[in-house]
Amino acid sequence: MKHTAVEWLMEQLPTIDKYDPYYQNLFMQAKAMEKEQIKDAFFEGKNDGILMERYSDYEHITPYEYYNETFKSE
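## What to know about the overall build of the protein
- Counting secondary structure elements, the protein contains 4 helices and 0 strands.
- Ordered by position in the sequence, the α and β elements of the protein form the string α-α-α-α.
- Classification of the 74 residues of the protein by burial places 26% in the buried group.
- Sequence-distant contacts, at least 24 apart, represent 52% of the contacts inside the protein between residues at least 6 apart.
- Put simply, the protein shows about 5700 Å² of open surface, and 53% of that area lies on carbon and sulfur atoms.

See below:
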């Protein structure tokens, strides 16, 4: 599975306490926003026919399924 940009960023910031409730809340919000953006982009590409030309495996998949198959589940 791939990492999202937010997950990658979290790995690159070893000096902060990722278990601090403040940072956990920020990262959870950022991951939720990123997840919606990824699903929206998939949906738009699928509706435009772009994905079907290049990735026929995705013809019958929902944006939610795409996200869950491509990125680590939350």
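## Description of the packing of helix α2 (residues 21-48) against helix α4 (residues 63-70)
- With their axes 9 Å apart at the nearest point, α2 and α4 run at an angle of 120 degrees to one another. Comparing the axis directions of α2 and α4 gives the class oblique. The handedness of the crossing between α2 and α4 comes out as right-handed. Between α2 and α4, the contacting residues are Lys 35, Ile 38, Lys 39, Phe 42 and Phe 43 on the first element and Pro 63, Tyr 64, Tyr 66 and Tyr 67 on the second.
- For the contact of α2 with α4, the per-class residue count stands at 7 nonpolar, no polar and 2 charged.

## Describing the environment of Leu 13
- Of note, Leu 13 is situated in the loop between α1 (5-12) and α2.
- Looking at Leu 13, the relative accessible area reads 31%, which means it is partly exposed.
- Aside from chain neighbours lying at most four places away, what touches Leu 13 is Lys 18 and Phe 27.

What counts as what
- Residues numbered from 1 in each chain as written.
- Predicted model: local features only at pLDDT ≥ 70, side-chain atom pairs only at ≥ 80, totals over all residues.
- Heavy atoms only, no water.
- Helix = DSSP H or I, 4+ residues; strand = E, 2+ residues; numbered from the N terminus.
- Buried < 20%, exposed > 50% of the residue type's maximum accessible area, 1.4 Å probe, protein only.
- Contact = heavy atoms within 4.5 Å.
- Areas by Shrake-Rupley, 256 points an atom, 1.4 Å probe, with all protein chains shown as cover.
- Axes fitted to C-alpha atoms, helices over the stretch in contact; angles between N-to-C directions.
- Parallel < 35°, antiparallel > 145°, perpendicular 65-115°, else oblique.
- Left-handed = near helix turned anticlockwise from the far one by under 90°.
- Nonpolar A, V, L, I, M, F, W, Y, C, P; charged D, E, K, R; others polar.

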